[in-house]
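Here are the chains, one letter per residue:
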Amino acid sequence: MSRTLAHVTKLVQVDGHSHQLLHLSEADGERTLEVMIERNALIAIRSALMGEKNTRPITSDLCTSIIHGLNGTVHETEIHHFDKGTYFAELRLSDSSGKAISIDCRPSDAIAVCLQLNAPIYISETVWKKVVSS
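Notes on the structure follow.

Conventions adopted
Residues numbered from 1 in each chain as written. Predicted model: local features only at pLDDT ≥ 70, side-chain atom pairs only at ≥ 80, totals over all residues. Heavy atoms only, no water. Phe/Tyr/Trp six-rings, centres within 6.5 Å; stacked < 30°, edge-to-face > 60°. Lys NZ or Arg CZ within 6 Å of the ring centre and 35° of its normal. Patch = residues over 30% accessible without salt bridge, like charges linked within 9 Å, V, L, I, M, F, W, Y side chains within 5 Å. Areas by Shrake-Rupley, 256 points an atom, 1.4 Å probe, with all protein chains shown as cover. Salt bridge = Lys/Arg side-chain N within 4 Å of Asp/Glu carboxyl O. Helix = DSSP H or I, 4+ residues; strand = E, 2+ residues; numbered from the N terminus. Contact = heavy atoms within 4.5 Å. Core = buried A, V, L, I, M, F, W, Y, C linked by side-chain atoms within 4.5 Å. Buried < 20%, exposed > 50% of the residue type's maximum accessible area, 1.4 Å probe, protein only.

The geometry of two aromatic rings is summed up by the distance between their centres and the angle between their planes. Enumeration over the complete set of coordinates arrives at one aromatic pair. The interplanar angle of 50° and the centroid separation of 4.5 Å between the aromatic rings of phenylalanine 82 and tyrosine 87 together place this pair among those described as tilted. Just above the ring of tyrosine 122 sits the side chain of arginine 3; from NZ or CZ to the centre is 3.7 Å.

On the surface, Leu62, Ile66 and Leu70 cluster together into a nonpolar patch covering about 300 Å² of accessible area. Within the secondary structure, isoleucine 66 sits in helix H2 (residues 59-69).

Within the secondary structure layout, serine 108 lies in helix H3 (residues 107-117). If we skip the residues at most four places from it in the chain, serine 108 touches Ile37, Ala41 and Ile45.

Attention now goes to the environment of isoleucine 103. Among the secondary structure elements, isoleucine 103 is positioned in strand E6 (residues 100-105). C-alpha separation for the pair isoleucine 103 and alanine 89, spaced 14 residues apart in sequence, amounts to 8.3 Å. Apart from the residues lying within four places of it in its own chain, the contact partners of isoleucine 103 are Ala89, Glu90, Leu91 and Leu93.

Now for the nonpolar core. Counting residues in hydrophobic clusters, the biggest one holds 33 residues, and the most contacted among them are Leu24, Leu33 and Ile111. Residue contributions to this core peak at six residues, all from H3. If we skip the residues at most four places from it in the chain, leucine 33 touches Leu22, His23, Leu24, Tyr87, Ile123, Val127, Trp128, Val131 and Val132.

Scope: geometric values only; no functional claims are made or implied.
The structure is reproduced here in C-alpha cells:
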C-alpha cells in the first residue's frame, strides 16, 4: 500500500477545552491533515519537538523507557485508517531478537514516541484520499 512521509507542522492548544489540534503535512507534498488530540498528547508531542525533558515521566516517556529497557527498536508509525472521524495507527518496532511487532495505538501516542526516538511518521494513501482533496 502506498504511503507518504509526514511531519508535525503545527500544534494548536485550545484553552478551556480538552481536545487540542495536531497538524501533519506531507514531507514532499502539499497535503495536510488535522487530528484532534488530548491535552496530555499535546504536551508529549510538544516536549518531544522541543527536546524538553518532563519533570516526571509521562506516558510516552514510559513507553520509550520500556522499549529501551527491552533493547527494542522503534522503526516507524503509520496512520493507516480513518473511520467516522477517528484515525488509527500502528507503531512498528522490533524486539531485541529482531522480531517485528506492530502495535495498534492512537496516532498521537505513536507520534510522541516516534518524535522522541527519531522514527518516521507515515500516512497511508487510503487515509489521504478519505480526508483530503488533493
